[in-house]
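# Overview (structure and organization)
Here's the letter readout for the chains.
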Amino acid sequence: LRGGSAPELAEAGRYFALAGREDRRAAVRERAAAEGERALASGDRMRAAQLFTLAGREDRVRAAVPASSAPPGPRPSAADVRKKLEKTEAEQEKFRREQADLEKELGM
């Protein structure tokens, strides 16, 4: 592993996953964690968060990006997201019906 950037490590991880080389994927995750620690020490929090995500270290991602930098307000629950998605799908279906009716009226 020569490169230490998040895209290079992500690509290496995908490659080794396709090749079935879990030992090499583990090495990529370790490298990402080490690079994340270096980025965090140098103050590059976003790069550190990317690298910690690649390493599967969610605890370190939270350390790199403190809660104060998170968007304000509560996070929506899964049920809220599901409701909004269903509402959006219903609106899309209503639009399709109205579009079909209009096309029918216009003889299209």
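Further up the page is the structure itself.
From a predicted model like this one, the values you see are computed outputs, not experimental measurements.

## What about the overall build of the protein?
Looking only at helices and strands, the protein features five helices and zero strands. Of all 108 residues assigned to the protein, the portion counted as buried reaches 19%. Pairs at least 24 apart in sequence give 31% of the contacts found in the protein among residues at least 6 apart. Accessible surface for the protein amounts to roughly 8400 Å². Of this, 54% is attributable to carbon and sulfur atoms.

## Some thoughts on a nonpolar patch on the surface
On the surface, Leu102, Leu106 and Met108 cluster together to form a nonpolar patch covering roughly 380 Å² of accessible area. Following the sequence through the fold, Met108 ends up in the segment after α5 (78-106).

## Observations concerning the packing of aromatic side chains
For any pair of aromatic rings, geometry is given as the distance between the ring centres together with the angle between the planes. Inspection of the entire model under this criterion finds one aromatic pair. Where Tyr15 meets Phe16, the ring centres are 5.3 Å apart and the plane angle is 70°; that geometry is what we call edge-to-face.

## Side note on the nonpolar core
Ala48, Leu51, Phe52 and Ala64 are the most contacted members of the largest nonpolar core, which totals 16 residues. Of all the elements in the fold, those that place two or more residues in this core are α1 (6-19), α2 (22-41), α3 (45-55) and α4 (58-64). Once you skip the residues sitting within four places of it in the chain, Leu51 turns out to touch Gly4, Ser5, Ala6, Leu9, Ala32, Glu35, Gly36 and Ala39.

## Remarks on the packing of α1 against α3
Viewed as axis vectors pointing N to C, α1 and α3 meet at an angle of 10°, and their least axial separation amounts to 10 Å. Between α1 and α3, the interaxial angle falls into the category roughly parallel. Note on element contacts: α3 touches α1 through Gln50, Leu51 and Leu54, opposite Ala6, Leu9 and Ala10. Broken down by class, the residue content of the contact of α1 with α3 amounts to five nonpolar, one polar and no charged.

The rules we used
- Residues numbered from 1 in each chain as written.
- Predicted model: local features only at pLDDT ≥ 70, side-chain atom pairs only at ≥ 80, totals over all residues.
- Heavy atoms only, no water.
- Helix = DSSP H or I, 4+ residues; strand = E, 2+ residues; numbered from the N terminus.
- Buried < 20%, exposed > 50% of the residue type's maximum accessible area, 1.4 Å probe, protein only.
- Contact = heavy atoms within 4.5 Å.
- Areas by Shrake-Rupley, 256 points an atom, 1.4 Å probe, with all protein chains shown as cover.
- Patch = residues over 30% accessible without salt bridge, like charges linked within 9 Å, V, L, I, M, F, W, Y side chains within 5 Å.
- Salt bridge = Lys/Arg side-chain N within 4 Å of Asp/Glu carboxyl O.
- Phe/Tyr/Trp six-rings, centres within 6.5 Å; stacked < 30°, edge-to-face > 60°.
- Core = buried A, V, L, I, M, F, W, Y, C linked by side-chain atoms within 4.5 Å.
- Axes fitted to C-alpha atoms, helices over the stretch in contact; angles between N-to-C directions.
- Parallel < 35°, antiparallel > 145°, perpendicular 65-115°, else oblique.
- Nonpolar A, V, L, I, M, F, W, Y, C, P; charged D, E, K, R; others polar.

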